[in-house]
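Okay, here's what each chain looks like letter by letter:
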Amino acid sequence: MNQEPRIVVKEDIITEAAGRFVRTCSNYVRDRDIFQVALSGGDTPKRLYTALAQPPFIDAVDWEGVEVFFGDERNVPPNHEDSNYRMACRKLLDHVPLVVSQIHPMPGADNDLERAARAYENTVKRCLIPDYDNVKAFDLVLLGLTEDGSTASLFPNSPALQEKERLVVATENPETKDKRLSLTFGAINSARNVWFLVTGKDKAGIVNAVLSGKGDSYPAGMVDPEYGEHLWLLDPDAASEVDPELLSHLTE
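Definitions and cut-offs
- Residues numbered from 1 in each chain as written.
- Predicted model: local features only at pLDDT ≥ 70, side-chain atom pairs only at ≥ 80, totals over all residues.
- Heavy atoms only, no water.
- Helix = DSSP H or I, 4+ residues; strand = E, 2+ residues; numbered from the N terminus.
- Buried < 20%, exposed > 50% of the residue type's maximum accessible area, 1.4 Å probe, protein only.
- Contact = heavy atoms within 4.5 Å.
- Areas by Shrake-Rupley, 256 points an atom, 1.4 Å probe, with all protein chains shown as cover.
- Lys, Arg positive; Asp, Glu negative; His and termini not counted.
- Charge placed at Lys NZ, Arg CZ, Asp CG, Glu CD.
- Disulfide = S-S within 2.5 Å.
- Core = buried A, V, L, I, M, F, W, Y, C linked by side-chain atoms within 4.5 Å.
- Phe/Tyr/Trp six-rings, centres within 6.5 Å; stacked < 30°, edge-to-face > 60°.
- Salt bridge = Lys/Arg side-chain N within 4 Å of Asp/Glu carboxyl O.
- Patch = residues over 30% accessible without salt bridge, like charges linked within 9 Å, V, L, I, M, F, W, Y side chains within 5 Å.
- Pairing = 2+ DSSP bridges.
- Axes fitted to C-alpha atoms, helices over the stretch in contact; angles between N-to-C directions.

With that settled, consider the overall build of the protein. Within the protein, the secondary structure is distributed over eight helices and nine strands. Across its three principal axes, the protein shows a C-alpha extent of roughly 45 × 40 × 40 Å. A burial count over the protein gives 54% of its 252 residues as buried. Long-range pairs, those at least 24 residues apart, make up 77% of the contacts in the protein with a sequence separation of at least 6. With an accessible surface of roughly 11,700 Å², the protein has 47% of that area assigned to carbon and sulfur atoms. In the protein, 26 positive and 41 negative side-chain charges are present, and the distance between their average locations comes to 3 Å.

What follows concerns the state of the cysteines. Applying the stated rule across the entire model yields zero disulfides. Cysteine C25 shares no disulfide, and the gap to the nearest cysteine sulfur, in C127, comes to 17 Å. Residue C25 is classed as buried on the basis of its relative accessible area, which comes to 0%. The structure places no disulfide on C127, whose sulfur is separated from the nearest cysteine sulfur, that of C89, by 17 Å.

Before going further, it helps to spend a moment on unusual backbone geometry. Looking along the chain, the bond that leaves P55 and enters P56 is cis, with omega of 5 degrees. In the Ramachandran plot, D33 falls in the positive-phi region, its phi being about 70 degrees despite a non-glycine side chain. Here D33 shows up in the loop between α1 (13–32) and β2 (35–39). Phi at K177 is positive, roughly 70 degrees, even though this residue is not glycine. Along the polypeptide, K177 turns up in the loop between β6 (168–172) and β7 (179–183).

The next subject is the nonpolar core. When a protein is soluble and globular, its nonpolar side chains tend to lie buried together. Counting residues in each nonpolar core, the largest one holds 81 residues, and the members touching the most others are F35, V66, F70, L93, F138, W232 and L234. Here F70 is in contact with A38, L39, N84, Y85, A88, L93, I103, H104, P105, M106, Y120 and L183, once residues within four sequence places are set aside.

What describes a pair of aromatic rings is the distance from one ring centre to the other and the angle between the planes of the rings. Tallied over the full model, the rule gives five aromatic pairs. Consider the rings of F196 and W232, whose centres lie 4.0 Å apart with planes at 15 degrees: the pair is stacked. Here the residue F196 occupies a position in strand β8 (residues 193–198), and W232 occupies one in strand β9 (residues 229–234), the gap between them amounting to 36 residues. Judged by relative accessible area, which is 0%, F196 ranks as buried. What makes W232 buried here is its relative accessible area of 0%. Ring pairs connect the aromatic residues F21, Y28 and F35, which therefore count as one cluster.

Counting across every chain of the model gives 14 salt bridges. Between D139 and R192 there is a salt bridge, with its nearest N and O atoms 2.7 Å apart. With D139 in the loop between α5 (113–127) and β5 (140–143) and R192 in the loop between α6 (185–189) and β8, this residue pair connects regions lying 53 residues apart in the sequence. When the shortest N-O distance is used, the salt bridge between K179 and E172 registers 2.9 Å. Classification of E172 by relative accessible area gives partly exposed; the value is 32%. Linked by salt bridges that have partners in common, E114, R118, E121, K125 and R166 make up one network.

Moving on, we come to a negative patch on the surface. A cluster of like negative charges, contributed by E11, D12, E147, D202 and D237, occupies part of the molecular surface. Along the chain, D202 turns up in the loop between β8 and α7 (204–211).

On to the sheet that holds β2, then. In spatial order, the strands read β1-β9-β8-β5-β2-β3; together these six strands make up an open sheet with parallel pairing. At either end of the open sheet lies a strand with only one pairing partner, and these are β1 (6–9) and β3 (66–70). Shown here is a sheet whose adjacent strand axes are inclined to one another by a mean of 20 degrees, direction ignored. Summarising the sheet, β2 and β5 pair through two bridges and their orientation is parallel. Looking at β5, one finds that V37 is bridged to L140. Most of the contacts of α5 go to β3, to which it runs at about 155 degrees, and overall it touches β2 and β3.

As structure tokens, this is what we get:
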């Protein structure tokens, strides 16, 4: 493991996450004039986007310096009800002063998802700003977590888990068979900040498995940022099965 994960447990984890988003964004815009974030789908991130689109957070973000990417997308048109882009627009992007050039949706509607994955990878490589060591990486990757340990659209036993070179790949949900695009662990683990945002008792078991080191077989257990901050933002229900000693050790 490169960076030991840190845990924050709060009753109102959405407000906590929104405050951290504002502070992190401000730091990067101050130092580099830009903050490049990959958004996640899912119900809990949706609540974060709703919070960011309202005072006091909307007024505290320097939106001119924000550039938005996506961590995964379904093989649907951008106006489809299952589209992560549509959700992000309705909850956040349509309500903040961003221009088209600041938003990079994944081309999920493409009939050739392999072509779409390579096109989005080229977008990522072209747009990401290198740091002082000339490394191109996202400033923040937001992640959710499913009950089977998936994150982004990286599913158990998927060939995408073993991808070493690519930043974006075409994937498939093994249960529903719906096709997806997803960032790979190469893109995620090179990020400067990687945050899991998890709520609910139904996620407690998988949270415990991953944080206790017993979840290496789960995709979420393969998130291991090389240099960046590895943060788990949890409500008390999601944290309820984590060993108290481990929780004490990892909690900020």
